[in-house]
Each structure stands twice: as structure tokens, then as C-alpha cells.
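The primary structure of each chain is shown beneath.
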Amino acid sequence: MKNPKPKEWTAEKWSQGYIADYKPFMFVDGEGVRCSIYVSGCLFACEGCFNKAIQNFKYGTPFTQELENQIFRDLHHESVQGLTLLGGEPFLNTQVCLKLVNRFRDEFGDTKDIWSWSGYTFEELLVDTEDKLEMLSKIDVLVDGRFELKRRDLTLQFRGSSNQRIIDVPKSLEAQEAIIWEKCIDSSRYNS
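The name an unreviewed UniProt entry gives the chain is Anaerobic ribonucleoside-triphosphate reductase-activating protein, with Vagococcus fluvialis as the organism. Here the chain is described in UniProt, under the heading Function (unreviewed entry), as follows: "Activation of anaerobic ribonucleoside-triphosphate reductase under anaerobic conditions by generation of an organic free radical, using S-adenosylmethionine and reduced flavodoxin as cosubstrates to produce 5'-deoxy-adenosine." Entered under Sequence similarities (unreviewed entry) in the UniProt record, the comment concerning the chain runs "Belongs to the organic radical-activating enzymes family."

Quick look at the structure:
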């Protein structure tokens with residue numbers, strides 16, 4: 001597993017604009033029915049990563065306007081609660097993810113929500129590049145932190161290891177410290 005210094009890894013340098021997968025109408029990538037986009041590329045290389053193939057920044061296919069339009073047709077379905085950004089590492093693919101997030105906010109405002117998983121911690125994102133901070137400011141829930149095999153716990157809600165947190169991003173940005181999502185059912189099991 002790698003631990004970057006602030007601003008060491010940039011989307012501008014690493015992202016190739018590739019998408020590993022798009023899965024509409026998912027029930028496991030956050031609360032409610034979601035449209036989930038898996039971006040390609042991750043530098044964290046966590047031991048035991050379940051998406052190892054998509055650590056490659058050129059895995060999958062290039063993101064297209066056609067795919068973006070399909071995602072938004074699916075998001076407009078009344079049963080869909082929101083968009084989920086996963087990977088790979090969404091915060092190293094801000095060219096794709098910010099485009100989606102900005103259009104999402106233009107079309108839905110706060111009537112639907114955005115979740116993201118990241119190997120970065122909330123605290124790391126606060127002191128990183130402007131594009132990462134901009135994206136963070138527009139999402140609702142962040143599942144943060146590298147997956148740690150020695151802390152793996154498959155019974156945890158929406159995360160794989162006990163060091164990872166489910167963060168309410170708007171409340172956390174206001175407080176300038178991580179605030180756990182109020183619907184987290186097992187927050188007592190966090191292990192720093």
C-alpha cells in the first residue's frame with residue numbers, strides 16, 4: 001500500500017479518462033438504488049484489493065458522452081436515489097468524475113445524493129489539489145481510507161476494513177473534521 005504526500009498524485013498526470021464499468025440500479029454501493037460508475041486507475045495498491053484489475057488507468061473503455069447521457073437517463077428514474085463513484089480511485093479521475101458531479105448537481109440539486117469511495121482519507125483530501133477538494137465539496141457521503149487486509153471485516157456496513165469510515169461530507173466540511181454519517185449502524189466498530 002502506498003501513502004502519497006499532499007498533491008503528490010494528480011488526476012492531470014495519471015487519469016486516462018477510462019471507465020472500468022457502469023452498473024445501473026445497484027443496491028450495494030450506498031444507500032438505496034444507485035447508478036454506480038467504476039473509474040479506472042488507482043495508485044494505492046492496497047493488499048487484498050478486490051478490484052485489482054482496475055488499478056490500471058487504461059483498463060476498460062474511454063468515458064464517452066454517450067455513456068454520460070445513459071447514466072443520466074438512468075439517474076432520472078424515480079426509484080434511483082443517487083450516483084456512486086468508485087474505482088479505481090475517483091479522486092484520481094476528476095476529469096470524468098467532476099463532469100458527472102457537476103451535471104448531477106445542475107439536474108438534481110440536492111434531491112438525490114452522491115456517494116464516493118476513496119483510498120484517500122477525508123483529512124488527506126482537505127489538503128490536496130483543488131480538483132479533489134472541489135469534488136469532495138459536491139458529494140454527500142464519502143467512504144474513506146485505504147483497505148487494510150489485517151482489518152478486513154466483511155460484516156461492516158458499506159466498507160471492507162475497520163479503519164474505513166462513512167463520512168457525512170457537508171457536515172464534515174462545515175466542522176473541518178470528519179463527522180460520521182448518521183445512518184452508520186456500526187460506527188462503534190471503527191478502529192483507527
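**Some details on the overall build of the chain**
Along its length, the chain carries 6 helices and 7 strands. Along the chain, from the amino end to the carboxyl end, the secondary structure elements read α-β-β-β-α-β-α-β-α-α-β-β-α. For the chain, whose C-alpha radius of gyration is 15 Å, the value lies close to the compact-globule estimate of 16 Å for 192 residues. For the chain, the spread of C-alpha atoms along the principal axes amounts to about 40 × 35 × 30 Å. Across the 192 residues that make up the chain, the buried fraction comes to 52%. Of the roughly 9,300 Å² of accessible surface on the chain, 51% is carried by carbon and sulfur atoms. Of the charged side chains in the chain, 24 are positive and 30 negative; the average position of the first set lies 5 Å away from that of the second.

**Topic: the sheet that holds strand E6 (residues 141-144)**
The mixed open sheet is built from 7 strands, whose spatial order is E3-E1-E2-E4-E5-E6-E7. A strand with exactly one partner marks an edge of an open sheet, and here the two such strands are strand E3 (61-62) and strand E7 (165-168).

**Thoughts on the nonpolar core**
If you look at soluble globular proteins, the nonpolar side chains tend to sit buried side by side. Counting 40 residues, the largest nonpolar core has Ile37, Ile71, Leu75, Leu85, Leu100 and Leu142 as its most contacted members. Those elements that place two or more of their residues in this core are strand E1 (18-26), strand E2 (33-39), helix H2 (65-75), strand E4 (80-87), helix H3 (94-108), helix H4 (122-126) and helix H5 (130-137). With 7 residues, the single largest contributor to this core is H3. For Ile71, the residues in contact, after removing those within four places along its chain, are Tyr22, Ile37, Phe63, Leu83 and Leu100. Leu86, Trp115, Trp117 and Val143 belong to the second-largest nonpolar core, a separate cluster that totals 10 residues.

**Focus: the packing of H3 against H5**
Following both chains from N to C, one finds H3 and H5 inclined at 30°, their axes separated by 10 Å at the closest point. One way to sum up the angle between H3 and H5 is to call them roughly parallel. As H3 packs across H5, the resulting crossing turns out to be left-handed. Only Asp131, Lys132, Glu134 and Met135 of H5 make contact with H3, whose side of the interface consists of Thr94, Cys97, Leu98, Val101 and Asn102. A per-class count over the contact of H3 with H5 returns 4 nonpolar, 2 polar and 3 charged.

What counts and how
Residues numbered from 1 in each chain as written. Predicted model: local features only at pLDDT ≥ 70, side-chain atom pairs only at ≥ 80, totals over all residues. Heavy atoms only, no water. UniProt positions renumbered as here; feature names shortened; annotations may be inferred. Helix = DSSP H or I, 4+ residues; strand = E, 2+ residues; numbered from the N terminus. Rg over C-alpha atoms; globule rule 2.2 N^0.38 Å. Buried < 20%, exposed > 50% of the residue type's maximum accessible area, 1.4 Å probe, protein only. Areas by Shrake-Rupley, 256 points an atom, 1.4 Å probe, with all protein chains shown as cover. Lys, Arg positive; Asp, Glu negative; His and termini not counted. Charge placed at Lys NZ, Arg CZ, Asp CG, Glu CD. Pairing = 2+ DSSP bridges. Core = buried A, V, L, I, M, F, W, Y, C linked by side-chain atoms within 4.5 Å. Contact = heavy atoms within 4.5 Å. Axes fitted to C-alpha atoms, helices over the stretch in contact; angles between N-to-C directions. Parallel < 35°, antiparallel > 145°, perpendicular 65-115°, else oblique. Left-handed = near helix turned anticlockwise from the far one by under 90°. Nonpolar A, V, L, I, M, F, W, Y, C, P; charged D, E, K, R; others polar.

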